[in-house]
Amino acid sequence: MAAARVDLDGKPIEAMAICMIGAGGFIGLHLCEKLMTETPHKVLALDVYNDKIKHLLEPAGSHPWSDRIQFHRLNIKQDSRLEGLIKMATVGRCSSGGWAPYPWLGAGGFKNSS
């Protein structure tokens, strides 16, 4: 794994849990590979098929990231588990200590329209 990454203020970036919808597709596959090889982040990989990412899902001990990736086979259009898996993901911390989808926008995670 590469050297510890830092944010724009020079502070180390904390490991996050990332929900990757479409992990078995072309873009999802390459993002999962990058996240596993270059970051300490965890990935909740969601897709109907895992054919393309099987090499990332090999048994524990096969790769340094074996404990950082989980595959969940589901169709996002018809599976009620999606909401729970998204809630397991780290979205971002806002300065007030709460969670926000976009921490740079403030506590609510939304830009103030006024």
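Residues numbered from 1 in each chain as written. Predicted model: local features only at pLDDT ≥ 70, side-chain atom pairs only at ≥ 80, totals over all residues. Heavy atoms only, no water.

1. Some points on the pairing of strand S1 (residues 17–21)
- Relative to strand S2 (residues 42–47), S1 runs parallel, the two sharing five bridges. Residue pairing in the sheet places Cys19 in a bridge with Leu44 of S2. (Pairing = 2+ DSSP bridges. Helix = DSSP H or I, 4+ residues; strand = E, 2+ residues; numbered from the N terminus.)

2. Considerations on the nonpolar core
- Grouped together as the largest cluster of nonpolar side chains are 12 residues: Met20, Ala23, Leu29, Cys32, Leu35, Met36, Val43, Ala45, Ile53, Leu56, Trp65 and Ile69.
- Elements represented by at least two residues in this core include exactly helix H1 (26–38) and S2.
- Of all the elements, H1 adds the most residues to this core, at four residues.
- When near neighbours in sequence (up to four residues on either side) are disregarded, Leu35 contacts Ile18, Met20, His41, Val43 and Arg68. (Core = buried A, V, L, I, M, F, W, Y, C linked by side-chain atoms within 4.5 Å. Buried < 20%, exposed > 50% of the residue type's maximum accessible area, 1.4 Å probe, protein only. Contact = heavy atoms within 4.5 Å.)

3. Thoughts on the sheet that holds strand S3 (residues 69–73)
- The three strands are arranged S1-S2-S3 in an open sheet whose pairing can be described as parallel. The open sheet has two free edges, formed respectively by S1 and S3, since each of these has just one partner strand. Going from strand to strand, the sheet's axes swing by 20° on average, the running direction of each strand aside.
- Each of S1, S2 and S3 is contacted by H1, which is oriented at about 160° to S1, the strand it contacts most. (Axes fitted to C-alpha atoms, helices over the stretch in contact; angles between N-to-C directions.)

4. A closer look at the environment of Pro12
- Structurally, Pro12 is set in the segment before S1.
- Residues within four places of Pro12 in sequence aside, it is in contact with Arg5 and Val6.

5. Side note on the confidence of the model for the protein
- Predicted confidence across the protein gives a mean pLDDT of 75, with 76% of residues reaching 70 or more.
- Looking over the protein, one finds the lowest element-wise mean pLDDT in helix H2 (residues 81–88), namely 82, and the highest in H1, namely 90.
- For residues 92–114, every residue scores under 50 in pLDDT, and the model assigns this stretch 28 contacts once sequence neighbours within four places are set aside. (pLDDT = per-residue confidence, 0-100.)

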